[in-house]
Amino acid sequence: MHGSSGRMGQAIIKEAEVTDGVEIAAEVDIGIDLAANIDQADVIIDFSLHSATQGLFELAVEKGKPLVVGTTGHSPEERVKLRELAARVPTVWAGNFSIGVNLLYFLTQRASEILSMEYDAEIVEMHHRFKKDAPSGTAARLAEIVLEKRNLKASDLRHGREGITGERTQREVGMHSLRGGDVVGEHTVSFAALGERLELTHKASDRRIFAAGAIRSAEWIVGQPAGIYDMQDVLGLKA
């Protein structure tokens, strides 16, 4: 467990204790020598800091160890380089490991395909005050889905609005991050037209749902061919 002292790391360790056939071989945090512990593990689960990801991936490739990665906060440029490394071993890389959120991804995809550009797309996410990156990995993935299905570019994403911005264009996809209290995670995708609005919302109240998904991914990824997978692969949601 890489990132063992974090909130998700602790939740995964607790979930492993009550999951048959699963044992945390080593609890490793930033500053602890991962290389000294990696050989005793079948798979690495990573919920650490984005700055530690490249070193972790390089070591996993060297040792041929599968990865389950939930760390977020990487820049687009970093993600390109990291995906090249991750593809060399079996890797589940997801911004969110809950079943409900992955259904939200599917529903957002269908709504983006069905609703015309007359329906303005906006994404709002809220997390606890301690979260270090914004937007969340889940919100970023939701934005990717909307942009892809509407044939839009990354430059069409609007991170908040301030001042005299002018009228909203149809090509815009809004992204808004809220932080406060102990909110585990809330995500809403709105499609607003003149006369009606459709909202797709997921609210998490217990971090255990993510921990259970991460462990399920770790069990699934062992024995898979090298490549990058997501939670929808794990859950069998892809055609």
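The paragraphs below set out a description of the structure included in this document. All values derive from a computational prediction rather than experimental measurement.

1. Digging into the environment of Arg197
No. 1: Mapped onto the elements, Arg197 comes out in strand β8 (residues 196–204).
No. 2: A residue is classified by how much of its surface remains accessible, and Arg197, at 57% relative accessible area, is exposed.
No. 3: Residues Arg197 and Tyr119, 78 residues apart in the sequence, show an inter-C-alpha distance of 7.9 Å.
No. 4: Here Arg197 is in contact with Ser190, Phe191 and Ala192, once residues within four sequence places are set aside.
No. 5: Reaching out from Arg197, the side chain makes a polar contact with the side chain of Glu199 at a distance of 2.8 Å.

2. A word on the packing of aromatic side chains
Aromatic ring pairs are reported here in terms of the distance separating the ring centres and the angle at which the planes meet.
No. 1: Tallied over the entire structure, the rule returns 3 aromatic pairs.
No. 2: Centroid distance Phe47 to Phe97: 5.6 Å. Interplanar angle 55°. Geometry classified as tilted. With Phe47 in the loop between β1 (44–46) and α2 (53–63) and Phe97 in the loop between β3 (90–93) and α4 (99–114), this residue pair connects regions lying 50 residues apart in the sequence. No difference in accessibility class separates Phe47 from Phe97, as the two residues are buried.
No. 3: Seen from their ring centres, Phe57 and Trp93 are 5.5 Å apart, and the 85° between their planes marks the pair as edge-to-face. Here Phe57 is found in helix α2, whereas its partner Trp93 is found in strand β3, with 36 residues between them in sequence. With respect to burial, Phe57 and Trp93 carry one shared label: buried.
No. 4: Over the ring of Trp93 we find Arg79; its NZ or CZ atom is 4.8 Å from the centre of that ring.

3. Some points on the sheet that holds β8
No. 1: The mixed open sheet is built from 5 strands, whose spatial order is β5-β6-β4-β7-β8. Each edge of the open sheet carries a strand with a single partner, namely β5 (157–159) and β8. Each strand of the sheet is rotated relative to its neighbour by a mean of 15°, with strand direction disregarded.
No. 2: Note: strand β7 (residues 185–193) against β8, 9 bridges, orientation antiparallel. Among the inter-strand pairings, His187 is bridged to a residue of β8, identified as His202.
No. 3: Contacting β7 and β8, α4 crosses the sheet at an angle of about 165° to β8.

4. Describing the pattern of salt bridges
No. 1: The full count for this structure, using the stated rule, is 13 salt bridges.
No. 2: A salt bridge links Arg141 to Glu144; the nearest nitrogen and oxygen atoms lie 3.1 Å apart. Separated by 3 residues within a single helix, Arg141 and Glu144 lie in helix α5 (residues 137–149), roughly one turn from each other.
No. 3: Overall, Arg141 belongs to the partly exposed group, its relative accessible area being 30%.
No. 4: For Glu144, a relative accessible area of 38% gives the class partly exposed.
No. 5: For Arg161, the salt bridge goes to Glu172, with nearest N and O atoms at 3.0 Å. Of the two residues, Arg161 sits in the loop between β5 and β6 (173–179) while Glu172 sits in the loop between β5 and β6, which places them 11 residues apart along the sequence.
No. 6: What emerges from the salt-bridge pattern is a single network uniting Asp120, Glu122, Arg161, Arg168 and Glu172.

Cut-offs and rules
- Residues numbered from 1 in each chain as written.
- Predicted model: local features only at pLDDT ≥ 70, side-chain atom pairs only at ≥ 80, totals over all residues.
- Heavy atoms only, no water.
- Helix = DSSP H or I, 4+ residues; strand = E, 2+ residues; numbered from the N terminus.
- Buried < 20%, exposed > 50% of the residue type's maximum accessible area, 1.4 Å probe, protein only.
- Contact = heavy atoms within 4.5 Å.
- Polar contact = N/O pair within 3.5 Å; in protein donor to acceptor, adjacent residues only side chain to side chain.
- Phe/Tyr/Trp six-rings, centres within 6.5 Å; stacked < 30°, edge-to-face > 60°.
- Lys NZ or Arg CZ within 6 Å of the ring centre and 35° of its normal.
- Pairing = 2+ DSSP bridges.
- Axes fitted to C-alpha atoms, helices over the stretch in contact; angles between N-to-C directions.
- Salt bridge = Lys/Arg side-chain N within 4 Å of Asp/Glu carboxyl O.

By themselves, these figures tell us nothing about what the structure is for.
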